[in-house]
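# What the coordinates show
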Amino acid sequence: MLRIEFGDQSLECPLVVGTENEKAIDISQLRSKTGYITLDDSFGNTGSCKSGITYIDGDKGVLRYRGYAIEELAEKSSFIETAYLIIYGNLPNKSEYDLFSDLLTSQEILHEGFRHHFEGFPNNAHPMAMLSAMINAMGCYQSDLYEVEDGVSRFDKSAAQLISQVRTIAAAAYKMSIGQPMVYPYPEKSYAENFLQMMFSLPNKHYEVDPDILHALTMFLILHVDHEQNCSTSTVRVVASSGANLHASCSAGVCALWGRLHGGANQGVVEMFNKIKNSDYTVKEFIEKVKKKEGGAKLMGFGHRVYKNFDPRAQILQKAAHKLLDKAGKQDELLEIAQELAESALHDEYFIERKLYPNVDFYSGIILQAIGIPLNMFTVMFAIGRMPGWIAHWKEINENSKQRIYRPRQIYVGETIRKYIPVDKR
Ligand code: ACO
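A brief structural summary.

Reading the values: the criteria
Residues numbered from 1 in each chain as written. Predicted model: local features only at pLDDT ≥ 70, side-chain atom pairs only at ≥ 80, totals over all residues. Heavy atoms only, no water. Pairing = 2+ DSSP bridges. Helix = DSSP H or I, 4+ residues; strand = E, 2+ residues; numbered from the N terminus. Phe/Tyr/Trp six-rings, centres within 6.5 Å; stacked < 30°, edge-to-face > 60°. Buried < 20%, exposed > 50% of the residue type's maximum accessible area, 1.4 Å probe, protein only. Disulfide = S-S within 2.5 Å. Patch = residues over 30% accessible without salt bridge, like charges linked within 9 Å, V, L, I, M, F, W, Y side chains within 5 Å. Areas by Shrake-Rupley, 256 points an atom, 1.4 Å probe, with all protein chains shown as cover. Salt bridge = Lys/Arg side-chain N within 4 Å of Asp/Glu carboxyl O. Axes fitted to C-alpha atoms, helices over the stretch in contact; angles between N-to-C directions. Parallel < 35°, antiparallel > 145°, perpendicular 65-115°, else oblique. Contact = heavy atoms within 4.5 Å. Nonpolar A, V, L, I, M, F, W, Y, C, P; charged D, E, K, R; others polar.

## Notes on the sheet that holds strand S5 (residues 54-57)
The three strands are arranged S5-S6-S7 in an open sheet whose pairing can be described as antiparallel. Among the strands making up the open sheet, the edge pair consists of S5 and strand S7 (68-69). Inspection of the sheet shows S5 paired to strand S6 (residues 62-65) by four bridges, in the antiparallel sense. Counted as the bridge partner of Ile56 is Leu63 from S6.

Here's what the structure looks like:
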């Protein structure tokens, strides 16, 4: 119990302790009992919910999905198995896995109506804009999914459809943007292989998938599945709390992810590497510009609100990037720039003092580039991986019978009341 005292009033606030000993002060009675609110700009100290999906210990660099260590899942699991785990809470047994897999396959083809939607976008439309619009549009084709059919609930079908079709939409958006015909899904292939085929096959040329590329992509997707209350997931939860449907909520998540400080950082990182590569300044000079905050410059792919030691996802991806490029016998200039940037920053007082370390986006772009994914599709790849996490959070909100609409307060600092004086508009 924590007692808050002010003047002759006091309020006793219960302490809340999570299963991993995370501690919070429950201030839910604060405003009704005292008239005060808490002010926590950008929610750095605010727990917005209790959640049983993902656990992070930012000081120790720990990330677990439903209790399973990310390192173990990244090495041993498949994307579909991890998606099931995150949505339904436990690893699937064989028959649950097969059922889920079949459901995904049965949902993978887009309605023909989508061709017209795609044609409405200009050629240079950003694929993230297309993705968010298309996910919301998917909801319009869903009337039959709002019933239980053959023992499969509307939620199960909608969730499977989102996970399956986000990949079909992403590949179709890419094909449209380069003027090639869309490639239909390959139902017999694994999730990641199916995606690569849709991206890179041509009507007269089947794409041969390299097993190392497939492994790296699967790992990339697993590492992006969930990350507790990050900006896009919080957005999904806010939208879901109003009663919005799964598609509308996840479409909002795509928009939040797009920003450069969040998922858009993976594109920003490779652009930064290329800028350094093509400029006449050294890595050290670039770091100095960042430290002086010249023109708001940041070291993209560095820093995190929660991780203050290391981001375990970045460590896994760093190793994977080396492995992929070593095997291909490639001397990758971008990976060298990344190494030099990381070395310089990790030994620099500015970054040490502020506890700034490489985050997931620092190495993921190098892997995506090695796979052959175009730069403007990098954040789309993040969205494909994050879809199961958004779905799990939407489900958690909807299963909470006591869920209230998200509605923060504010401290108003604008004008006080003033008199309206009409302007002569003639
Ligand atoms: N480069 C240089 N300085 C940085 C960086 C960076 N990447 N990140 C933080 N800082 C500095 C800030 O300028 C601030 O300095 P100050 O004390 O002199 O004012 C200090 O470190 C604290 O940073 P905040 O902005 O308060 O950190 P916050 O928790 O709000 O932001 C964020 C976290 C957005 C990730 C930030 O570190 C950043 O912008 N990083 C670069 C973009 C990026 O890589 N985003 C991906 C994050 S992972 C993900 O979303 C998937």
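## Re the packing of aromatic side chains
Considering all chains together, one arrives at 16 aromatic pairs under this definition. When the centroid spacing of 5.4 Å and the interplanar angle of 75 degrees are considered together, the rings of Tyr84 and Phe100 count as edge-to-face. A residue pair is termed long-range when its members are at least 10 positions apart, and Tyr84 in helix H3 (residues 79-88) and Phe100 in helix H4 (residues 94-106) qualify at 16 residues. Classification of Phe100 as buried rests on a relative accessible area of 4%. On the numbers, 5.8 Å between centres and 75 degrees between planes, the contact of Phe302 with Phe351 is edge-to-face.

## Digging into the state of the cysteines
For the coordinates displayed, the defined rule picks out zero disulfides. Looking at the unpaired Cys250, the closest cysteine sulfur is the one in Cys255, lying at 12 Å. In this structure Cys250 comes out as buried when scored by relative accessible area, which is 0%. There is no disulfide at Cys255, and the cysteine sulfur nearest it, in Cys231, is 11 Å away. With a relative accessible area of 41%, Cys255 lands in the partly exposed category.

## Points about a nonpolar patch on the surface
A cluster of nonpolar side chains, namely Leu2, Leu15, Ile25 and Ile27, defines an oily patch on the protein surface of about 310 Å² accessible area. Assignment of secondary structure puts Ile27 in the loop between strand S4 (23-25) and helix H1 (30-34). According to the relative accessible area criterion, Ile27 is partly exposed, its value standing at 32%.

## So, the packing of helix H9 (residues 211-223) against helix H14 (residues 312-327)
If you want to describe how two helices pack, look at the angle between their axes and the distance between the axes. Running from amino to carboxyl end, H9 crosses H14 at an angle of 170 degrees, the nearest separation of the two axes being 11 Å. Between H9 and H14, the angle falls in the class roughly antiparallel. Contacts from Asp212, Ile213, Ala216, Met219, Phe220 and Leu223 in H9 reach Arg313, Ile316, Leu317, Ala320, Leu324 and Lys327 in H14. Tallied by class, the residues present in the contact of H9 with H14 amount to nine nonpolar, no polar and three charged.

Keep in mind these values describe shape, not function.
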